[in-house]
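What the coordinates show
Below are the chains, spelled out letter by letter.
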Amino acid sequence: MGYHLEKPIVLVGPMGSGKSTVARFISARLDIISLDTDVKVEEIAGKKIPDIFREDGEEAFRHLETQALKYCLDTVQLIATGGGVVGEECNYEILRRGFVAYLYAPVGVQYQRTLALNNRPMIDVEDRRKRLKELFEERHPRYKQVADYTVDTSAHPVKECADMIINELLEKHILREIADGTD
Ligand code: S3P
């Protein structure tokens, strides 16, 4: 059995919400290619995200992120976005070309999951928990605003989160099962 997808799946949510991991599970189950906007940003810039922030500033990063987002929506069926993608109004209409799933996680969980990360400039501060809380307060309403579906990644194992998104897509007829070879 194969699948036909009407529009790309776009995962949004804060750092540590599990976007890349959930994308891996969806990608494996539907046999579709997934791309992280962060990976594309680094490819366009030819350097790592912390270096972009340090050498060129956040504004330059956001500009690259919009370019990367457009590229991903045009080329792949599954996109894991960076946590700050909802900060720019101009990204909304690009995001809405896809089915947007918001991977929610409470701040405490975001904090635990990002503890070992040292390549996230936005939380490269003394009080990381406080920073994550500030970002969450600012961005949560925006994630909700663009989302077609929300899943709490602290309440279910990653594979189940992926399955919940797939089930929602099937229910909404955005994803259809097809007999192999008929697409
Ligand atoms: C950012 C999140 C990161 C990355 C960049 C900025 C943010 O992506 O895009 O460091 O502003 O929240 P992840 O959400 O994949 O960690």
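Fair warning: this is a prediction, and the values are worked out from it, not measured in the lab.

So, how was this worked out
The numbering scheme is per chain: residues are counted from 1 as the chain's sequence reads. Reporting in this predicted model follows two pLDDT cut-offs: at least 70 for local features of residues, and 80 or more for side-chain atom pairs to be given and counted; totals over whole chains, interfaces and linings ignore these cut-offs and use all residues. To obtain the side-chain values, all non-hydrogen atoms of the structure were included, while hydrogens and water were left out. The rule for a residue being near a molecule or strand is that one of its heavy atoms must lie within 4 Å of it. For the purposes of these results, a polar contact is taken to be a pair of N or O atoms within 3.5 Å, where, inside protein, one atom must be able to donate a hydrogen and its partner to accept one; residues adjacent in sequence count only when each atom of the pair is a side-chain atom. In these tables, accessible area is a Shrake-Rupley quantity obtained with a 1.4 Å probe, and a residue counts as shielded only by the protein chains included in the view. Helical segments are the DSSP runs of H or I of at least four residues, strand segments are the runs of E of at least two, and each set is numbered from the N terminus. Asp, Glu, Lys and Arg are counted as charged, while Ala, Val, Leu, Ile, Met, Phe, Trp, Tyr, Cys and Pro are counted as nonpolar; the rest, among them Gly, fall into the polar class. Multiplying 1.5 Å by the residue count of a helix minus one yields the expected span of that helix. Exposure categories follow from relative accessible area, calculated using a 1.4 Å probe and restricted to protein chains: below 20% of the type maximum is buried, above 50% is exposed, and the middle band is partly exposed. The criterion used for residue contact is that any of the two residues' heavy atoms lie within 4.5 Å. A fitted line through C-alpha atoms serves as each axis, taken over the contacting stretch for helices, and the angle formed by two N-to-C directions is quoted from 0 to 180°. Any angle that falls under 35 degrees is termed roughly parallel, while one over 145 is termed roughly antiparallel, one within 65 to 115 roughly perpendicular, and all others oblique. Two helices crossing with the near one rotated counterclockwise from the far one by less than a right angle form a left-handed crossing, whereas a clockwise rotation gives a right-handed crossing. A pair of Phe, Tyr and Trp rings is counted when the ring centres sit within 6.5 Å of each other, with Trp represented by its six-membered ring. The angle between the planes then sorts it: under 30 degrees is stacked, over 60 is edge-to-face, the rest tilted. Any Lys NZ or Arg CZ found within 6 Å of a ring centre and within 35 degrees of that ring's normal is scored as a charge over the ring. A carboxyl oxygen of Asp or Glu within 4 Å of a side-chain nitrogen of Lys or Arg is what we treat as a salt bridge.

What about the site of the ligand?
Neighbouring residues of the ligand: 14 residues in total, closest Lys 19, Asp 38, Arg 62, Arg 120 and Arg 139. Gly 83 is positioned with one of its backbone polar atoms (N or O) 2.8 Å from an oxygen atom of the ligand. Between the ligand and the protein, one listed contact pairs an oxygen atom with a side-chain N or O atom of Arg 120 at 2.5 Å. Here the ligand has 390 Å² of accessible area as a free molecule, and 97% of this is covered by the chains. Looking at which element gives the most residues to the shell around the ligand, the answer is helix H4 (residues 58–75), with three residues. Classifying every residue of the shell around the ligand gives five nonpolar, three polar and six charged.

Regarding H4
Over its 18 residues, H4 runs 25 Å from end to end, which matches the ideal 26 Å to within 8%, given 1.5 Å per residue. Turning to H4, its buried residues are Phe 61, Arg 62, Leu 64, Glu 65, Thr 66, Ala 68, Leu 69, Cys 72 and Leu 73.

Comments concerning the side chain of Asn 91
Summarising the element assignment, Asn 91 is placed in the loop between strand S4 (78–80) and helix H5 (92–95). At a separation of 2.8 Å, a polar atom in the side chain of Asn 91 contacts the side chain of Thr 66. One polar contact links the side chain of Asn 91 to the main-chain carbonyl oxygen of Val 85, over a distance of 2.9 Å. Setting aside anything within four residues of it in sequence, one finds Asn 91 in contact with Thr 66, Leu 69 and Val 85.

Comments concerning the packing of helix H1 (residues 19–30) against helix H8 (residues 158–171)
Packing of H1 against H8 leaves a shortest axis separation of 9 Å and a crossing angle of 60°. What the angle tells us is that H1 and H8 run oblique. In terms of crossing hand, the pair formed by H1 and H8 is right-handed. Contacts between H1 and H8 involve Thr 21, Val 22, Phe 25, Ile 26, Arg 29 and Leu 30 on the former and, on the latter, Val 158, Lys 159, Cys 161, Ala 162, Asp 163, Ile 165 and Ile 166. Split by residue class, the contact of H1 with H8 holds nine nonpolar, one polar and three charged.

Things to note about the packing of aromatic side chains
Considering all chains together, one arrives at four aromatic pairs under this definition. Here the aromatic residues Tyr 102, Tyr 104, Phe 136 and Tyr 143 are joined through ring pairs into a cluster of three or more. Seen from the ring of Tyr 71, Lys 40 lies directly overhead, with NZ or CZ sitting 3.8 Å from the centre. Taking NZ or CZ as reference, Arg 129 lies 4.3 Å from the ring centre of Tyr 111, over its face.

Re the pattern of salt bridges
Summed over all chains, the structure comprises 15 salt bridges. Here Asp 163 makes a salt bridge to Arg 29, at a shortest N to O gap of 2.8 Å. Of this pair, Asp 163 sits in helix H8 while Arg 29 sits in helix H1, placing them 134 residues apart in sequence. Among the salt bridges present, the one from Glu 55 reaches Lys 47, with a minimum N-O distance of 2.8 Å. In this structure Lys 47 comes out as partly exposed when scored by relative accessible area, which is 24%. A network of salt bridges, in which partner residues are shared, links Arg 29, Lys 159 and Asp 163.

Focus on the packing of helix H6 (residues 107–114) against helix H7 (residues 128–146)
Where H6 meets H7, the closest approach of the two axes is 9 Å, and the angle between their N-to-C directions is 130°. Overall, the two elements H6 and H7 adopt an arrangement that is oblique. For the crossing formed where H6 meets H7, the hand is right-handed. Contacts between H6 and H7 pair Val 107, Gly 108, Gln 110, Tyr 111 and Thr 114 from the former with Arg 128, Arg 129, Leu 132, Lys 133 and Phe 136 from the latter.

Examining the environment of Val 86
As for its position among the elements, Val 86 is in the loop between S4 and H5. For Val 86 and Val 125, which are 39 residues apart along the polypeptide, the C-alpha to C-alpha distance reads 21 Å. Discounting chain neighbours no more than four positions away, the residues touching Val 86 are Tyr 92, Leu 95, Arg 139, Arg 142, Tyr 143 and Val 146.

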